[in-house]
Amino acid sequence: MKVFVCGSSQVGVGRWDDSGVCCFSRNLVSLSREYDLKRSGFGCDQTNLCFSRSAVGLSLRASASSQAQPLVSEKASKISGTFANESVKLFVGLPLDTVSISNKINHERAISVGLKALKLLGVDGVELPLWWGVVENEAQSKYYWTGYLAIVEILQKLGLKVQISLCFHGSQEAKIPLPKWVEKIGESNSNIYFKDRAGSLYKDSLSFAVDELPVLNGKTPLEVYGEFFASFKSTFSSFFGSTITGVSIGLGPDGELKYPSTKGKNKNGGGEFQCYDEYMLSNLKHHAEKTGNPLWGLGGPHDAPAYHLCPFYGGFFAENGGSWETPYGDFFLSWYSNQLIQHGDRMLSLAASTFKDTAISLSGRIPLTHSTYKSRSHPSELTAGFYNTETRDGYNAIAEMFSRHSCTVVVPGFDLSDEGQPRSNPEALLAQIISCCTKHGTEVSGQNSTISGRFEQMKKKLSAEVKTFTYQRMGAYFFSPEHFPVFTRFVRGLSQLPDLHESRWELSS
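Definitions and cut-offs
- Residues numbered from 1 in each chain as written.
- Predicted model: local features only at pLDDT ≥ 70, side-chain atom pairs only at ≥ 80, totals over all residues.
- Heavy atoms only, no water.
- Helix = DSSP H or I, 4+ residues; strand = E, 2+ residues; numbered from the N terminus.
- Contact = heavy atoms within 4.5 Å.
- Areas by Shrake-Rupley, 256 points an atom, 1.4 Å probe, with all protein chains shown as cover.
- Salt bridge = Lys/Arg side-chain N within 4 Å of Asp/Glu carboxyl O.
- Axes fitted to C-alpha atoms, helices over the stretch in contact; angles between N-to-C directions.
- Parallel < 35°, antiparallel > 145°, perpendicular 65-115°, else oblique.
- Left-handed = near helix turned anticlockwise from the far one by under 90°.
- Buried < 20%, exposed > 50% of the residue type's maximum accessible area, 1.4 Å probe, protein only.
- Pairing = 2+ DSSP bridges.
- Core = buried A, V, L, I, M, F, W, Y, C linked by side-chain atoms within 4.5 Å.
- Expected span 1.5 Å × (residues − 1).
- Phe/Tyr/Trp six-rings, centres within 6.5 Å; stacked < 30°, edge-to-face > 60°.
- Nonpolar A, V, L, I, M, F, W, Y, C, P; charged D, E, K, R; others polar.
- Polar contact = N/O pair within 3.5 Å; in protein donor to acceptor, adjacent residues only side chain to side chain.
- pLDDT = per-residue confidence, 0-100.
- Arc of directions from axis to C-beta.

K.L.:
Explain the overall build of the protein chain here, please?
P.N.:
Counting secondary structure elements, the protein chain contains 14 helices and 18 strands. For the protein chain, contacts bridging at least 24 residues in sequence account for 75% of all contacts bridging at least 6. On the protein chain, roughly 20200 Å² of surface is accessible, and the fraction owed to carbon and sulfur atoms is 48%.

Shown next, in the form of C-alpha cells:
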C-alpha cells in the first residue's frame, strides 16, 4: 500500500510565517537543494510522497503517480517510529491558524504532507489550537466545528495523537479575535476587558473579574465556557482516548494563566498592573474595606513604572526600600495574585467536572516570566500576577491548584539559557516551577519559547518530571534547510526510527 497526495499546482509543504501562521507564499519545493525534493514531482497533478535516507535522517521527495489516490490513506496509521524514551512524548504545534476564521483548513494538502513527515520522524502527535473566535463566532451558543472535525479526522487516519488547545483569547498573530458577538458587547461595556492605568484596553481576553458576572447577554463567562466545553465534548467524544489524548484549557491572554502585563513587542520590561476596569477596581475596593484599609482600595500602586520605563523606576519595585516590601505592597500583590489564582481555579474546576468521565488528560499553560528574575522584587512576574520575589515563592499555590484538579502544568522556555542574560535567569525560574510541581505531585509538560534551534538545551531539560514536550511550532522556519535537518537530528536523538530499506522508502506496508 502506498500513501498518496492528490496534487495540484499548489501541492507541497508550504510556507508559514515565523509565528506559526499559514501564509504559503513559498512552497517547500524550494528545499530541493537540501532534501532531494524534485520540482517535477510537486508540479504534477498527481503526486505521491516518498522518503529517503540522508545525512540528516530523512529527506522528502515528491514523484509523479500514475493514479490519483485519497488525500490520507486509511492505512497511513501503520507508519510509525517508536521512542526509545517512552516516558517523554513528543508533539509538534500546528500553525495557529490551521483552521481559518472562516472555519476551513488552511492549505489542507500542504499541511497533510507536513503531517506525514512528522509521522515518519516518529513524533507522537501534534498540538492543535482551537479558537473560541472561530467556533462560536457569529452568535452566542451557535457552534460550528466543521474545520476542526476535518483536521482531527486527517490526524486520526495518519495515526497521530492530538493535544487540543482550547483558546478563549484572541490572537493578533493569527488574526483571530474574540467572537463577534462578544466584541459587540464590548463596544457598549468596555469594562469586560482588562484595562491599564492609562485606560488602554486589552481586547484579546476577558477580565478575570467578570468570570461570575452576567455580562454576556445575561450569562457569565464561566457559563459560556461551560457550554462550549459541553459542545466540544459532545462533538469530539468519539475521538477521546484514541486520537485526542489531551485538552489544554485556555486560562488567559495568549492562552496562559497571566495578566496581559506587557505591551507590544517589549516583553522584557517590568510591565504594568492590569487592575483598572471597573469590576477589578470594585473587587479591590471591597477587599481593602474588608481588611480595614479603605484607602488602599482606590487603585493600583501609584509608584509603579509605565511599560517603557526601567522596572525599578518610581519606587514600587526598588531593590531596597521598595513599596513591594511594605504592608501595602503585600496587601496589593496578594490580592492581585489571588484574582489570577481564583480565575485559574474556576476554569480548571469547570473543565475537570466536564471531562471527568473521559479518557483525556487536562492541562493549562503558565508563562515563564523570567526577564527580571535576578532582581529581588521580580517586577515582570508581579505584574503578570505571580507573587514571586526573593523572599516569597509564588508558584506553590499555582502548583497546588493544578494538582487539586489533576491538571498538568505546561511551561514554555525549555530552550532558554541563562547565558548572556544580565537581569534574567530562565533556567532558575524553570527549576523553581518544576520543583513546586514535584512537591505537589503535579505533572509537567514542556514547550520551547522560540523556534531557535537550541535543541541541546531542550534535551538537557527533559528530566523525569517532564511527561510530554511540545515543540512550537510549524512555520516558515520549521521546514527551512537551516532548521529541519537539525530538528530531524533532535528527534532521532530521542527516538528509534524504523529501518529504512535501501535509499528510498515510500510510505508503504
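K.L.:
Where do I start with the environment of Leu284 in this structure?
P.N.:
For Leu284, the position within the fold is in helix α8 (residues 278-290). Along the backbone, Leu284 and Gly299 are 15 residues apart, and their C-alpha atoms lie at a distance of 7.5 Å.

K.L.:
What should I look at first to understand the pattern of salt bridges in this one?
P.N.:
Oppositely charged side chains may form a pair once their charged atoms are brought near each other. Under the criterion given, the structure shown has 16 salt bridges. Here Glu400 ties to Arg404 by a salt bridge, and the two come within 3.1 Å at their closest N and O atoms. Of this pair, Glu400 and Arg404 both sit in helix α11 (residues 396-404), separated by 4 residues, roughly a single helical turn. The network of salt bridges with shared partners includes Asp254, Glu256, Lys258 and Arg365.

K.L.:
What am I meant to see in the packing of α8 against helix α9 (residues 327-355) here?
P.N.:
Angle between the axes and distance between the axes are the two parameters that describe a pair of packed helices. One can describe the packing of α8 onto α9 by two numbers: an axis separation of 11 Å at closest approach and a directional angle of 130°. The angle between α8 and α9 falls in the class oblique. Read as a crossing pair, α8 and α9 show a hand that is right-handed. Side by side, α8 and α9 meet where Met280, Asn283, Leu284, His287 and Ala288 of the first sit next to Phe331, Phe332, Trp335 and Gln339 of the second.

K.L.:
Would you mind going over the pairing of strand β7 (residues 89-93) with me for this structure?
P.N.:
On any regular strand, side chains alternate: one points to one face of the sheet, the next to the other face. For β7, the tally of buried residues reaches 4 of 5 residues, placing the bulk of the element in the interior. Bridge count for β7 against strand β16 (residues 466-471) is 4 bridges, and the pairing is parallel. Bridge assignment links Lys89 to a residue of β16, and that residue is Thr468.

K.L.:
Explain the nonpolar core to me, please; I cannot follow it from the model alone.
P.N.:
Note that soluble globular proteins tend to have their nonpolar side chains buried in a common cluster. The biggest cluster of nonpolar side chains holds 129 residues, and the ones touching the most others in it are Leu115 and Phe487. At 13 residues, the largest contribution of residues to this core is made by α9. Those residues in contact with Phe487 that sit more than four places away from it in its chain are Val92, Leu118, Leu121, Phe455, Tyr471 and Phe478.

K.L.:
So what exactly am I meant to see when it comes to helix α12 (residues 426-439) here?
P.N.:
Every α-helix winds through 3.6 residues per turn, so residues three or four apart in the chain are directed the same way. With 14 residues, α12 extends 20 Å from end C-alpha to end C-alpha; this agrees with the ideal 20 Å at 1.5 Å per step. Turning to α12, its buried residues number three or more, namely Pro426, Leu429, Leu430, Gln432, Ile433, Ile434, Cys436 and Cys437. The inward-facing, buried residues of α12 contact α10 (379-384), α11, β14 (407-411), β15 (444-447) and α13 (455-461). In the stretch just after α12, Gly441 is the one whose phi turns positive, near 70°.

K.L.:
Help me out: how do you make sense of the sheet that holds β7 in this one?
P.N.:
Across a sheet, strands are paired by hydrogen bonds formed along the backbone, either parallel or antiparallel in direction. Strand order in the closed barrel made by the 8 strands is β7-β8-β9-β12-β13-β14-β15-β16, with parallel pairing throughout. Along the sheet, successive strands turn relative to each other by an average axial angle of 30°, direction set aside. Here 4 bridges tie β15 to β16, and the two strands are oriented parallel to one another. Opposite Gln447, over in β16, you have Thr470 as the bridge partner. Each of β8 (125-131), β9 (161-167) and β12 (244-249) is contacted by helix α5 (residues 146-158), which is oriented at about 175° to β8, the strand it contacts most.

K.L.:
Help me understand the packing of aromatic side chains, please; the structure alone is not making it clear to me.
P.N.:
Given two aromatic rings, their pairing is described by the distance between the two centres and the angle made by the two planes. In the structure shown here, the tally under the stated rule is 46 aromatic pairs. Pairing Phe194 with Tyr259 gives two aromatic rings, centres 5.9 Å apart and planes at 75°, and the pair type is edge-to-face. Separated by 65 residues along the polypeptide, Phe194 in strand β10 (residues 193-195) and Tyr259 in the loop between β12 and α8 bring together distant segments of the chain. As far as the burial class goes, Phe194 and Tyr259 line up, both buried.

K.L.:
Can you help me understand the packing of helix α3 (residues 108-121) against helix α14 (residues 484-494) in this one?
P.N.:
Two elements in contact, α3 and α14, have axes whose closest approach is 10 Å; the angle formed by their N-to-C orientations is 35°. In this structure, α3 contributes Ala117, Leu118 and Leu121 to the contact, and α14 contributes Phe484, Phe487, Thr488 and Val491. Residue composition of the contact of α3 with α14, grouped by class: 6 nonpolar, 1 polar and no charged.

K.L.:
Explanation requested: the side chain of Thr354 in the structure shown.
P.N.:
Residue placement: Thr354 occurs in helix α9. Take Thr354: its relative accessible area is 14%, and that puts it in the buried class. Of note is the side chain of Thr354, whose polar atom sits 2.8 Å from the backbone oxygen of Leu350. What Thr354 contacts, discounting residues up to four positions off in sequence, is Phe229, Ala230 and Lys233.

K.L.:
Please explain the confidence of the model for the protein chain as it appears in this structure.
P.N.:
Do not read the fine detail of predicted coordinates wherever pLDDT is low. Residues with a pLDDT of 70 or more make up 79% of the protein chain, whose mean pLDDT is 84. Counting contacts from residues 496-509, a segment whose pLDDT is below 50, to residues more than four positions away or on other chains yields 42 contacts.

K.L.:
What's the story with α5 in this structure? I'm lost.
P.N.:
Between its first and last C-alpha atoms α5 spans 19 Å; for 13 residues at 1.5 Å apiece the expected length is 18 Å, and the two agree. Along α5, the positions that sit buried rather than exposed are Gly147, Tyr148, Ile151, Val152, Ile154, Leu155 and Leu158. Projection of α5 onto a plane perpendicular to its axis shows the buried side chains occupying an angular sector of 155°, all on one side. The elements touched by buried residues of α5 are α3, β8, α4 (132-135), β9, α7 (221-236) and β12. Downstream of α5 by one or two residues, Gly159 has phi in the positive range, about 80°.

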